[in-house]
Amino acid sequence: MNIGRLYDQRIAETYDDDERGLLAGARAIALEQISKHVTADQTQNVLDLAVGTGESLIAIEKNYPNAALHGIDLSGEMLRIAKAKLGFHAVHDDVANTLQHFSLESMNLILMHFLTTFIDGEDIVARTAKLLQPKGYYSIVSSTFQAFPRVYSLARTVLPDQFIRDKNRAPEDADTIVSFCAKAGLDVVAVEHFTKEVRFANFDDFYSFGLNSGFFAHVLCHLDVSQLATFSRMEGVFPLTDHYRACAVLARLPE
């Protein structure tokens, strides 16, 4: 399924609920990194590579009120929600096409928050880093493959590991994200982790969370009725306690 269409039809309207606080918790770490290292007087243009419903840009607008805000997203409905919250230059397109819409060395700060699950992170970071001006910053927030280990352990009893890897392109760990930055010529200035325990009361609770939040949508949408039924009938699984793990990395383009 087209990810943009999936977000349009199913996820956009519930994305901001964030009932377990996973998005807000990881995002807050990245925003604190930015606030600590990125000065307002040197920040004229900010680009969000997965603007979603605009929550990251809203925080940026508060701390950098004079910056021009830009955002690209594959989901038109997510962009519609974001544009109802704040004013910014919105581009409805695949992040792979970002360089078609913005000039090289035009940005002081680039955000890649909650995008790496769906893309080739190394490739997109390398390409979009070309949009940074010297001394510009690149902020990445990403789930890692260390997130939800119990869920994925159970999934591997039914699904081939290669299928899971193909559908979930999250970086293996923080070192992988750091390597994206290094290969793009960026100097890493901050690396921090966000971990939070998550509990699913039953299969319906897990399935609803997985789709409505987007955290497992990229895998669940590829399963057929019989595969979902197999998961729902597993004995002794629920209630299931697991943990979410994300990483926030801030990097800088040298002069």
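All of these numbers come straight from a predicted model, not from anything done at the bench. (Residues numbered from 1 in each chain as written. Predicted model: local features only at pLDDT ≥ 70, side-chain atom pairs only at ≥ 80, totals over all residues. Heavy atoms only, no water.)

Chemist: Can you help me understand the overall build of the protein in this one?
Modeler: The secondary structure content of the protein amounts to 11 helices and seven strands. Taking 255 residues into account, the globule formula puts the C-alpha radius of gyration at 18 Å, and the protein, at 18 Å, falls close to it. With respect to the three principal axes, the spread of C-alpha positions in the protein is 60 × 35 × 30 Å. The burial tally for the protein puts 52% of its 255 residues in the buried class. Nonlocal contacts in the protein, meaning residues at least 24 apart in sequence, comprise 78% of its contacts between residues at least 6 apart. Of the roughly 11400 Å² that the protein leaves accessible, carbon and sulfur atoms contribute 46%. (Helix = DSSP H or I, 4+ residues; strand = E, 2+ residues; numbered from the N terminus. Rg over C-alpha atoms; globule rule 2.2 N^0.38 Å. Buried < 20%, exposed > 50% of the residue type's maximum accessible area, 1.4 Å probe, protein only. Contact = heavy atoms within 4.5 Å. Areas by Shrake-Rupley, 256 points an atom, 1.4 Å probe, with all protein chains shown as cover.)

Chemist: Got a minute to help me understand helix α1 (residues 3–15) in this structure?
Modeler: For an α-helix, 3.6 residues make a turn, and residues three or four places apart therefore share a direction. Between the first and last C-alpha of α1 there are merely 14 Å, a value that for 13 residues lags more than 12% behind the 18 Å anticipated at 1.5 Å per step. Where α1 bends most, at Q9, the angle is about 50°. Three or more residues of α1 are buried, namely G4, L6, Y7, I11, A12, T14 and Y15. The inward-facing, buried residues of α1 abut α2 (22–37), α4 (76–85), α9 (203–212) and α10 (217–220). (Expected span 1.5 Å × (residues − 1). Bend = angle between axes of the 7 residues up to and from the residue.)

Chemist: Sorry, what's going on with the sheet that holds strand β6 (residues 187–200) here?
Modeler: Sheets are built from strands that pair by backbone hydrogen bonding, the pairs being arranged parallel or antiparallel. The strand order across the open sheet formed by seven strands is β3-β2-β1-β4-β5-β7-β6, and the pairing between neighbours is mixed. Both edges of this open sheet fall to β3 (89–92) and β6, since each of them pairs with a single strand only. Between one strand axis and the next, the sheet turns through 15° on average, direction left out of account. Looking at chain direction, strand β1 (residues 45–48) and strand β4 (residues 107–113) are connected through three bridges and run parallel. Looking across to β4, one finds that V46 is bridged to L109. Docked against the sheet, α2 engages β4, β5 (132–143), β6 and β7 (240–252), running at close to 160° with respect to β6. Of the strands in this sheet, β4 and β5 touch helix α5 (residues 121–128), which is tilted by about 160° from β5. (Pairing = 2+ DSSP bridges. Axes fitted to C-alpha atoms, helices over the stretch in contact; angles between N-to-C directions.)

Chemist: Would you mind showing me how to read the nonpolar core here?
Modeler: Across soluble globular proteins, nonpolar side chains have a tendency to be buried as a group. Judged by nonpolar contacts, the single largest core of 42 residues is most densely connected at L22, F148, F200, F216 and Y244. Sequence-distant contacts of F148, defined by excluding residues within four places in its chain, comprise L22, V198, F200, F209, F215, F216, D242, H243 and Y244. By size, the runner-up hydrophobic cluster in this structure holds 29 residues, among which are M107, L186, V249 and A251. (Core = buried A, V, L, I, M, F, W, Y, C linked by side-chain atoms within 4.5 Å.)

Chemist: Please explain helix α3 (residues 55–63) as it appears in this structure.
Modeler: Every buried residue belonging to α3 is among S56, L57, I58, A59 and I60, and all of these are buried. Residues of α3 that are buried make contact with α2, β1, β2 (68–73), α4 and β4.

Chemist: For this particular structure, what's the right way to read unusual backbone geometry?
Modeler: Leaving glycine aside, a negative phi is the common case for residues, and trans is the common case for peptide bonds. Cis geometry is adopted by the peptide bond preceding P239, which originates at F238 and carries an omega value of 0°. You can see P239 is positioned in the loop between α11 (225–232) and β7. Positive phi, close to 50°, is recorded for F148, a residue that is not glycine. Topologically, F148 is positioned in the loop between β5 and α6 (149–155).

Chemist: Looking at this model, I keep getting lost on the packing of aromatic side chains. Mind explaining?
Modeler: Any pair of aromatic rings gets described here by the distance separating the centres and the angle formed by the planes. For the structure shown, the criterion picks out 18 aromatic pairs. Ring geometry for F200 and F206: centres 5.4 Å apart, planes at 80°, overall edge-to-face. F206 shares its class with F200; the two are buried. Owing to a relative accessible area of 10%, F206 belongs among the buried residues under this scheme. (Phe/Tyr/Trp six-rings, centres within 6.5 Å; stacked < 30°, edge-to-face > 60°.)

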